[in-house]
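Commentary on secondary and tertiary structure
The chain contents come next:
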There are 4 protein chains.
Amino acid sequence: VDAPAELTIETWSERPDMARTINLNADLGEGIGDEGFVRDAALLSHVASASIACGFHAGDPAMMRRVAAAAAGRGVGVGAHPSYADKDGFGRREMTLAAAEIETAVAYQIGAMQAVAALAGTPVTHVKPHGALYNQAARDPVVALAIGRAIRAVDPALVYVGLAGSEMVRAAEQLGLAAAREAFPDRGYAADGSLLPRTAAGAVVSEPADAARRACRMACDGEIVAQSGTAIRLRVDTLCIHGDAPHAVAIARAIREALASAGVAVVPLTAMRLAR
Amino acid sequence: VDAPAELTIETWSERPDMARTINLNADLGEGIGDEGFVRDAALLSHVASASIACGFHAGDPAMMRRVAAAAAGRGVGVGAHPSYADKDGFGRREMTLAAAEIETAVAYQIGAMQAVAALAGTPVTHVKPHGALYNQAARDPVVALAIGRAIRAVDPALVYVGLAGSEMVRAAEQLGLAAAREAFPDRGYAADGSLLPRTAAGAVVSEPADAARRACRMACDGEIVAQSGTAIRLRVDTLCIHGDAPHAVAIARAIREALASAGVAVVPLTAMRLAR
Amino acid sequence: VDAPAELTIETWSERPDMARTINLNADLGEGIGDEGFVRDAALLSHVASASIACGFHAGDPAMMRRVAAAAAGRGVGVGAHPSYADKDGFGRREMTLAAAEIETAVAYQIGAMQAVAALAGTPVTHVKPHGALYNQAARDPVVALAIGRAIRAVDPALVYVGLAGSEMVRAAEQLGLAAAREAFPDRGYAADGSLLPRTAAGAVVSEPADAARRACRMACDGEIVAQSGTAIRLRVDTLCIHGDAPHAVAIARAIREALASAGVAVVPLTAMRLAR
Amino acid sequence: VDAPAELTIETWSERPDMARTINLNADLGEGIGDEGFVRDAALLSHVASASIACGFHAGDPAMMRRVAAAAAGRGVGVGAHPSYADKDGFGRREMTLAAAEIETAVAYQIGAMQAVAALAGTPVTHVKPHGALYNQAARDPVVALAIGRAIRAVDPALVYVGLAGSEMVRAAEQLGLAAAREAFPDRGYAADGSLLPRTAAGAVVSEPADAARRACRMACDGEIVAQSGTAIRLRVDTLCIHGDAPHAVAIARAIREALASAGVAVVPLTAMRLAR
């Protein structure tokens, strides 16, 4: 008989809490003005953590404060969502920076977010890179470690949110930082656990019911089903909802309901038992 | 006989330390690349505090780190030098922002500077606004207080550097922040203690010997001589050297020598007895 | 008997075409990514002219090209929508620039728009300033003339779109440029013909039927009813729909239908008989 | 006997004018304020063409106008010097853009430069990409052609300035644009005719006499001596002086004198017989 099409990227041990808690995060503060804030406000009702754009790919100080204040008002944890300096490309264009440049640009954004969050009366709990910076960090340890060193220099208590099974998680561990292993119910995966490029077929899951099913499997079973049908076993601490997707609010609601039905509580990052 | 043309803006009490210590600060990180750094490096040999551009009117994360590291290496204190977001106008163009917008933009820049300074292994000791933001804060309590609230929210131990005798000093006092009262040996003054606009005759003192004479009078006698000849009596805690002036290094050297001859020690802001 | 509450800002002569043609314009390219483009695409079905953000308050080269190409594909005329360099404030914050700085910044944006429009295969027909630049130009002849000189230097055949009855129209006339006198069915007016500040009560008309009624009165009768009830008589060549308003598409549709019922054709700026 | 260490990248035919005319260009408008303009003004006395930064890696509308006006006043031709949007990295960091994004960003900058030059009363004669965009275009035909299509869409009479022997020259030829083949007396070359990376030993020639000797050999003999000692035979139409190099003015002067001694006239690009 054939072995099951299954790939265990990290050693999988018994984890009795797995089926019971998960973090849900969204990328926010990426729109403009009152209108840009409408969806953010709606998403804040569904997630436990908000990763806020820091002005390099989107956002500006006023929007950062507005989202941070709204998050604080609903008990949602605030994180920095740093990017390459690329507003024209929404931070989705790959760039070649020296490791020290990445360290510095990421530290700059974390510090800016901390200060603006302080004005909004809330601390920063985590750091999640955006776009091309995230994707390059997932596969390149030089980038992943540069981000980690920035986090450690600014505040070693900040959680480093990165793609489950990727170099980001390894970098966090190497630097002694808490890592939150992230999965994307609204994105398609390759069989090696990397995200499909946005231009590939199946890269974006836009049907809320599909995203909810995938979210439950990620949260309850620690399994991600790749485009090829292969099931990848991965510990997952946090699920991401893309705030700039058209059906983001419907997806968030569907995921929340599915998790509730499955008996999984959505909790802050600080309530998860994270790798360190 | 006519009374002397003299104007006491703040009540003047005996201050026996006045003739013995002063802080010297320069605005740095406002150039580009290796060349932009040459003068900064030279000035760091002469000053005790560096106010570093935070990317809003000049500078970028890499230059902030480079200057902060060089400052730390010479025992020079590091400060944030926040501005309106106006690279095209070098932050010298007046803008009309809501007080909350000013608070947020200033906090953003202080936090960014703190984080980059952390990477460079040095703390941030003070905040000195730049250009139009400085000038508007000097005369408008709404602006001065917004800056002060940003400082207080991020770190109430930071020193608020502002024009001696201006609304900035009053705002710091009102908010319980330490204020460093600043004077400009290389700039001309109006009789009310405000700086002459850069376009006015006599606005810029470019002769090092002149600047040095003015610096001594400011540091030793607490006197600024206005364009009109009027002597203005003002407590001064720190003297500024504009890092972007052509003869900045010569001016810095001349001021250092003149202060030394007069028995005035140049000390960190933290060694000054500041108003609070 | 009391005289009617009416104010004629420009001399009103018989204009038999008034009731029959009007231009309808929208400010576009102010959103981000695919989503930002959705409403733009919808509005392009209703307007005859598109004023496209040039990257100073919103937009980027790729979005400029995308909107210009979509406009060209529907026979909609393309214009530049220059602003102060103020992405953080969406160009809505007043700034103090020298006249030469305004000239240069506006010329820069017009030229950029022309070149991007050339890639999209369509010419640029008009220039309409944005936000604070528009408002300052409406009341300050120095600003209005600086914009006009930029237009004239780049291409004197470009139409200068400005607030009906304002300094912008006078500046265009003085410089020999064609002026399109603009009115805003979705904005409230003061009795002197200026727009109410966005923060004032009644500043924004969000009900499509109201906006449509106001549009017809502007187009058919040359009358704008101010907040106070006063009717202001003004020649109007073009009506603006704000692309970033939540109900922009519904407002555009309602205005189109109301104008059609009233027998008013919506035509390109080049088909209007403009003041020069 | 060993064959000479020589590499002919382009077919070399007799060119009797080669020893008699050459264009000399500098990259300008890359500094800040009055000081940033000092060296630009000095260089304008030595070169025949100025490539002006367009605000993406350096520069701003006011500086563009200032340099263009100064160039016009000395009979120096004005060109656009477009870059990736990367002020933090001075345009020297490689980026991954879609071809259409490059086209659009380059067109934007050319148009902006044309409009600002119009205000300064001078036409734009050429386009020379900057930094990482230049280097990527030299080796990648997709990038080189995207730049060429932008030039052709905006104005097919503009000269495309690119690295001699590179994909840029081929792209210009393929698109029917005039190409000016550029060489760098102040930069070291690899044996394949590409520039050494700035971080490599020998990448920068800072001794004016060395640069002058190399310039003469390039202009008179069509030869570039690579780091390895290999002589590369290449037609050269224009020699570049980097405006941001510390000894730029001394290098420019030395090159001018050496060319004069060798009987080579420095002429505008329009006076060169360019490949098309």
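Residues numbered from 1 in each chain as written. Chains lettered and ligands numbered in written order. Predicted model: local features only at pLDDT ≥ 70, side-chain atom pairs only at ≥ 80, totals over all residues. Heavy atoms only, no water.

1. Comments concerning the nonpolar core
Taken as a class, soluble globular proteins show a tendency for nonpolar side chains to be buried jointly. Heads up, the rule is: We call a set of buried residues a nonpolar core when its members are Ala, Val, Leu, Ile, Met, Phe, Trp, Tyr or Cys and they connect through side-chain atoms within 4.5 Å of each other. Type-normalised accessible area, obtained with a 1.4 Å probe on protein chains alone, sets the label of each residue: buried when under 20%, exposed when over 50%, and partly exposed for intermediate values.
Of all hydrophobic cores here, the largest spans 374 residues; its most connected members are Met113 of chain A, Met113 and Leu239 of chain B, Met113 of chain C together with Met113 of chain D. Core analysis: the second largest hydrophobic core is formed by eight residues, Val161, Leu269, Met272 and Leu274 of chain B among them.

2. As for the environment of Glu257 of chain D
Residues and elements named next belong to chain D. Just so we agree on the cut-off: Starting at the N terminus, helices and strands are each numbered in turn, a helix being any DSSP run of H or I of at least four residues and a strand any DSSP run of E of at least two.
Along the polypeptide, Glu257 turns up in helix α8 (residues 248-261). A relative accessible area of 49% places Glu257 in the partly exposed class. Between the C-alpha atom of Glu257 and that of His46, which follows or precedes it by 211 residues, the distance is 9.8 Å.

3. Topic: the relation of the copies chain B and chain C
This is how the line gets drawn: When the copies are overlaid, the least-squares fit takes in C-alpha atoms only where the residue has pLDDT of at least 70 in both copies. Working rule for contacts: check all heavy atoms of both residues, and any pair within 4.5 Å makes them a contact.
Aligned on chain C, chain B shows an RMSD of 0.0 Å; the corresponding rotation is 180° and the shift along the axis is 0.0 Å. Overall, the copies show the geometry of a two-fold rotation axis. Within chain B, Met95 of chain B has its C-alpha nearest the rotation axis, a separation of 2.2 Å. Same-surface contact between copies: 100% of interface residues of chain B are shared with the interface of chain C.

4. Some details on the relation of the copies chain D and chain C
In the superposition of chain D on chain C (RMSD 0.0 Å, axial shift 0.0 Å), the rotation amounts to 180°. Residue by residue, 100% of the interface of chain D is reproduced at the interface of chain C, so both copies engage with the same surface.

5. Section: the interface of chain D and chain C
Note the following rule: A quick way to say it: buried area is the sum, across both parts, of accessible area lost when two parts are put together, with a 1.4 Å probe. Should a side-chain nitrogen of Lys or Arg be within 4 Å of a carboxyl oxygen of Asp or Glu, the pair is scored as a salt bridge. The term polar contact refers here to a pair of N or O atoms within 3.5 Å; inside protein, the definition further demands a hydrogen-donor-capable atom paired with an acceptor-capable atom, and it admits residues adjacent in sequence only when both atoms are side-chain atoms. Gly is put with the polar residues, along with every residue not named as nonpolar or charged; the nonpolar set is Ala, Val, Leu, Ile, Met, Phe, Trp, Tyr, Cys and Pro, and the charged set is Asp, Glu, Lys and Arg.
Facing the 23 residues of chain D at the interface are 23 residues of chain C. Each partner contributes to the roughly 1700 Å² buried at the junction of chain D and chain C, and carbon and sulfur atoms together form 74% of this total. In terms of surface lost to chain C, no three residues of chain D exceed Thr104, Tyr108 and Leu119 of chain D, which account for 37% of the buried area on that side. A salt bridge links Arg65 of chain D to Glu103 of chain C, with the shortest nitrogen-to-oxygen separation between them at 2.9 Å. Our count for the contact surface shared by chain D and chain C stands at eight residue pairs in polar contact (both at pLDDT 80 or more). Of all the secondary-structure elements, those providing two or more residues to the side of chain D that touches chain C are α2 (61-73), α3 (99-119) and α5 (141-154) of chain D. In terms of residue count, the dominant contributor to the side of chain D that touches chain C is α3 of chain D (twelve residues). Here the residues of the side of chain D that touches chain C are counted per class, giving 17 nonpolar, three polar and three charged.

6. Some remarks on the pairing of strand β6 (residues 159-163) of chain D
Residues and elements named next belong to chain D. Convention followed: One requirement defines pairing of two strands: DSSP has to find at least two bridges between them. For a crossover, the right-handed case is the one in which the path from the first strand over the helix to the second runs clockwise, viewed with the strands pointing away from the viewer.
Buried residues dominate β6, accounting for five of its five residues. Taken together, the two bridges between strand β5 (residues 124-127) and β6 define a ladder with parallel strand orientation. Paired with Val127 across the strands is Tyr160, a residue of β6. The pairing of β6 with strand β7 (residues 179-183) spans four bridges and is parallel. Following the sheet pairing, Leu163 is matched in β7 by Glu182. For the handedness criterion, the β-α-β arrangement of β6, helix α6 (residues 167-175) and β7 is classed as right-handed.

7. Some thoughts on the interface of chain B and chain C
Each partner contributes to the interface: chain B provides ten residues, whereas chain C provides ten residues. A buried area of about 850 Å², summed over both sides, lies between chain B and chain C, and 51% of it is on carbon and sulfur atoms. If you sort the residues of chain B by the area they bury against chain C, Arg93, Met95 and Thr96 of chain B come out on top, with a joint share of 53%. Two residues, Arg93 of chain B and Glu101 of chain C, come together in a salt bridge whose shortest N-O distance is 3.2 Å. The tally of links from chain B across to chain C stands at four residue pairs in polar contact (both at pLDDT 80 or more). Split into classes, the residues belonging to the side of chain B that touches chain C amount to four nonpolar, one polar and five charged.

8. Observations regarding the pattern of salt bridges
The full count for this structure, using the stated rule, is 56 salt bridges over all chains. A salt bridge links Glu94 of chain A to Arg139 of chain A; the shortest N-O distance between them is 2.7 Å. Taken together, the positions of Glu94 of chain A in the loop between β4 (77-81) and α3 (99-119) and Arg139 of chain A in helix α4 (residues 131-139) put the pair 45 residues apart, joining distant regions of the chain. Judged by relative accessible area, which is 52%, Arg139 of chain A ranks as exposed. Here Arg233 of chain C makes a salt bridge to Glu223 of chain C, at a shortest N to O gap of 3.8 Å.

9. Concerning empty space enclosed by the protein
This is how it is decided: Lining residues are those with an atom within 4 Å of a point, where the points come from a 1 Å grid over the protein atoms alone and group into cavities, where a 1.4 Å probe fits but cannot get out, or pockets, open sets with protein on both sides within 12 Å along at least five of seven lines. Grid points are joined across faces, edges and corners, and a volume is the space filled by probe spheres set on the points.
Under the criterion given, the structure shown has six cavities of 30 Å³ or more. Computed from the structure, the largest cavity encloses a volume of approximately 1200 Å³. Lining the largest cavity are 43 residues, and of these Lys87 of chain A, Gly55 and Lys87 of chain B, Lys87 of chain C together with Lys87 of chain D sit closest to its centre. A per-class count over the lining of the largest cavity returns 17 nonpolar, eight polar and 18 charged. Around the second largest cavity, the lining is made up of 18 residues, and of these Asp88 and Arg93 of chain A together with Leu97, Glu101 and Ala105 of chain D lie nearest the centre. When contributions to the lining of the second largest cavity are tallied by element, the ones reaching two or more residues are α2 (61-73) of chain C together with α3 of chain D.

10. Topic: helix α7 (residues 208-221) of chain B
The α-helix advances 3.6 residues per turn, and as a result positions three or four apart in sequence lie on the same side. All names here are of chain B. Put simply, the test is: Multiplying one less than the number of residues by 1.5 Å gives the expected span of a helix. Of all possible arcs, the one meant is that of the directions from the helix axis to the C-beta atoms.
Taking 1.5 Å per residue, 14 residues should reach 20 Å; α7 reaches 19 Å between its end C-alpha atoms and fits that length. Those residues of α7 that fall on the buried side of the exposure criterion are Pro208, Ala211, Ala212, Ala215, Cys216, Met218 and Ala219. The arc that holds the buried residues of α7, viewed along the axis, is 165°, so those residues lie on one side. In this fold, the buried residues of α7 make contact with β2 (21-28), β7 (179-183), β8 (223-225), β10 (238-241) and α8 (248-261). Where α7 ends, the next residue or the one after it, Gly222, has phi of about 65°, a positive value.

11. Details of the confidence of the model for chain A
Here is the rule we go by: Residue-level confidence of the predictor, termed pLDDT, takes values from 0 up to 100.
For chain A, the mean per-residue pLDDT works out to 91, and 93% of the residues sit at or above 70. For the stretch residues 1-17 of chain A, pLDDT sits under 50, and the model shows 37 contacts to residues farther than four places along the chain or on other chains.

12. So, α3 of chain D
Taking 1.5 Å as the rise per residue, α3 of chain D with 21 residues should run 30 Å; its terminal C-alpha atoms sit 31 Å apart, in good agreement. Count one or two residues on from α3 of chain D and you reach Gly121 of chain D, which has phi positive near 75°.

13. Remarks on the packing of α3 of chain A against helix α3 (residues 99-119) of chain B
Formally: Here the axes come from fitting lines to C-alpha atoms, over the contacting stretch only for helices, and the angles between their N-to-C directions go from 0 to 180 degrees. By definition in this entry, angles of less than 35 degrees are roughly parallel, angles greater than 145 are roughly antiparallel, angles of 65 to 115 are roughly perpendicular, and the rest are oblique. The crossing is said to be left-handed when, going from far helix to near helix, the turn is anticlockwise and less than a right angle, and right-handed when the turn is clockwise.
Interaxial distance between α3 of chain A and α3 of chain B falls to 6 Å at its minimum, and their mutual angle equals 135°. Judged by the inter-axis angle, α3 of chain A sits oblique to α3 of chain B. The way α3 of chain A lies across α3 of chain B gives a crossing that is right-handed. Across the interface between the two elements, Glu103, Thr104, Ala107, Tyr108, Gly111, Ala112, Ala115, Val116 and Leu119 of chain A from α3 of chain A touch Glu103, Thr104, Ala107, Tyr108, Gly111, Ala112, Ala115, Val116 and Leu119 of chain B from α3 of chain B. Looking at the contact of α3 of chain A with α3 of chain B residue by residue, the classes come out as twelve nonpolar, four polar and two charged.

14. Section: the side chain of Lys128 of chain C
Residues and elements named next belong to chain C. Within the fold, Lys128 resides in the loop between β5 (124-127) and α4 (131-139). There is a polar contact of 3.0 Å between the side chain of Lys128 and the side chain of Asp27. Contacts of Lys128, omitting those with residues within four sequence positions, involve Asn25, Asp27, Ser51, Ala80, His81, Pro82, Tyr134, Val161, Glu182, Phe184 and Cys240.

15. Let's talk about the state of the cysteines
Residues and elements named next belong to chain A. We count it as follows: We call a pair of cysteine sulfur atoms a disulfide whenever their separation is within 2.5 Å.
What the rule picks out here adds up to zero disulfides over all chains. The thiol of Cys240 is unpaired, and the distance to the nearest cysteine sulfur, on Cys54, comes to 15 Å. When its relative accessible area of 1% is taken as the criterion, Cys240 is described as buried.

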